[in-house]
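Listed below, chain by chain, are the residues.
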Amino acid sequence: MTESHRVLSGIQPSGDLHLGNYFGMMKPAIELQQDYECFYFIADFHALTQLPKPSDLRQRVSNVALDFLACGLDPERTIFFRQSDVPEVTELTWILNCLTPIGLLERCHSYKDKLARGLTPNHGLFSYPVLMAADILIYNSTLVPVGRDQKQHLEVARDLAQRFNHHYGDTLVVPEARIRDEVAVVPGTDGQKMSKSYNNTIPLFGNEKAIRKAFMKIVTDSTPLEAPKDPESCNVFALYSLFASEEEIEELRNKYEAGGMGYGTAKQMLFEKYWDYFEPFRERRQLLLADPDRLEDILQKGAEKARQKARNTLEKVKATVGLTG
Ligand code: ADP
Ligand code: TRP
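In this numbering scheme, every chain counts its residues from 1 along its sequence in written order. Working convention: letters from A go to chains and numbers from 1 go to ligands, in the order in which they are written. Predicted model: local features are reported for residues with pLDDT of at least 70 only, side-chain atom pairs are reported and counted for 80 or more only, and whole-chain, interface and lining totals are derived from all residues. Water and hydrogen atoms play no part in the side-chain values, which are based on all heavy atoms of the structure.

Draft legend 1. Geometry of the site of ligand 2. Not every one of the 14 residues close to ligand 2 is listed here, only the nearest: Q12, H46, Y128, D135 and Q150. Polar contact is defined as a pair of N or O atoms within 3.5 Å, subject to the rule that within protein one atom must be able to donate a hydrogen and the other to accept it, and that residues adjacent in sequence are counted only when both atoms are side-chain atoms. Within the side chain of Q12, an N or O atom sits 3.4 Å from an oxygen atom of ligand 2. Y128 places a polar side-chain atom, nitrogen or oxygen, 2.7 Å from a nitrogen atom of ligand 2. Where accessible areas are quoted, they stem from the Shrake-Rupley method and a 1.4 Å probe; at the residue level, only the protein chains shown are allowed to cover. Coverage of ligand 2 by the protein amounts to 89% of the 360 Å² it exposes when considered alone. Only DSSP runs of H or I with at least four residues qualify as helices, and only runs of E with at least two residues qualify as strands; both kinds are numbered from the N terminus onward. Those elements that provide at least two residues to the shell around ligand 2 are strand 1 (6–11), helix 8 (128–138) and strand 4 (143–146). Per element, the largest residue contribution to the shell around ligand 2 is four residues, and it comes from helix 8. The near set for a molecule or strand comprises every residue that places at least one heavy atom within 4 Å of it.

Draft legend 2. The site of ligand 1, seen in detail. Looking at ligand 1, there are 15 residues lining it, with H18, R180, V186, S195 and K196 nearest. The side chain of H18 places a nitrogen or oxygen atom 2.7 Å from an oxygen atom of ligand 1. Contact distances for ligand 1 include 2.4 Å between an oxygen atom and a side-chain N or O atom of K196. When ligand 1 is considered free in solution it has 540 Å² of accessible area, and contact with the protein chains removes 84% of it. The classification used treats Ala, Val, Leu, Ile, Met, Phe, Trp, Tyr, Cys and Pro as nonpolar, Asp, Glu, Lys and Arg as charged, and all other residues, Gly among them, as polar. Counted by class, the shell around ligand 1 contains five nonpolar, six polar and four charged residues.

Draft legend 3. Representation of the pattern of salt bridges in the model. The working definition used for a salt bridge is a side-chain nitrogen of Lys or Arg within 4 Å of a carboxyl oxygen of Asp or Glu. Considering all chains together, one arrives at 18 salt bridges under this definition. Among the salt bridges present, the one from R253 reaches E232, with a minimum N-O distance of 2.4 Å. Remark: E232 occurs in the loop between helix 10 (208–216) and helix 11 (235–243) and R253 occurs in helix 12 (residues 246–258); sequence separation between them is 21 residues. Salt bridges linked by common partners bring R82, D85 and E296 together as one network.

Draft legend 4. Spotlight on helix 9 (residues 151–168). To estimate how far a helix should extend, the number of its residues minus one is multiplied by 1.5 Å. The terminal C-alpha atoms of helix 9 lie 26 Å apart, and with 18 residues this matches the ideal 26 Å at 1.5 Å per residue to within 8%. Every buried residue of helix 9 is listed here: H153, L154, V156, A157, L160, A161, F164 and N165. Looking down the long axis of helix 9, one finds its buried residues gathered within 165° of arc, a one-sided arrangement. Opposite its buried face, helix 9 presents the exposed residues H166 and H167, each directed more than 90 degrees away. Two residues or fewer past helix 9, G169 is found with a positive phi of approximately 100°. Relative accessibility thresholds used throughout: buried, under 20% of the residue-type maximum; exposed, over 50%; partly exposed, between the two (1.4 Å probe, protein chains only). Throughout, the arc means the angular range of directions from the helix axis out to the C-beta atoms.

Here you go:
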């Protein structure tokens, strides 16, 4: 990779992180650290659109921070921060609001889906994509790795940057989406997409017994123990493939196809793979958990660096629109 990019992504602190979040978002984000300057943040302003209990919000923000760092986010290399520690982003949001046609937001699927589910929307939910655009544009991000569900929001960000530049002259960098097509949707214990809204998640961290139980609950078909089984249609096999090496995957595939192995055995193998894979992450998490000042320090240092960049862009934008200068 020779191109230079500034990578940015955010994750909402809206519940316990699960294997879908890890393989779909966190792991690819952590890998990008090797090659690019990365900005990753915890989108607590966005989470506020759901009006969580204040103590829950606080707890979730700190859990997301712990989980991300435990899984390999390197704060020496990457700028990692809480969205709300950079209040400049809300100023840019306002300026972008004034360039945002209502119809653009009314067409957003995630907003429409929530309306269709009967939710009474607040204004924060409606203008969620404008805040997300400000997140992206304020750091002059060029590459934004997101899941498929965020593609349209990315288009809004590009659209708003272009509108701004068209109206006021070239000021904002138009970002590029990197849709993680290569990342398969991680199935949940019921075979649907793993998601906290479906109650089918396997958490990254927590009590060993409870996590083992979650693995044992994975739905399988009723092929008898001695019969050959189809690995391709099995949720246990799909999850195992995320953790295991090529050879281990091949080995399990052979066991499925040979028959004589029950799903219980496959689940046990999967659990052990998961447990070993997360072992170093659990250790790192324990150390961080025991040192809350260090965690806060990491987030504050990240915010300071992020704020410097944010201030630069905001100053330019304010001068461009005639608020200053
Ligand atoms: P949830 O569906 O549990 O509410 P979020 O929508 O908060 O999860 O997702 C946060 C990030 O994790 C997004 O980038 C999303 O694309 C990714 N993600 C969530 N679930 C999965 C999954 N089952 N497979 C792959 N990626 C996922
Ligand atoms: N909306 C994103 C999600 O729910 C989180 C997010 C907020 C984000 N701001 C962002 C992602 C900026 C990428 C860039 O997954």
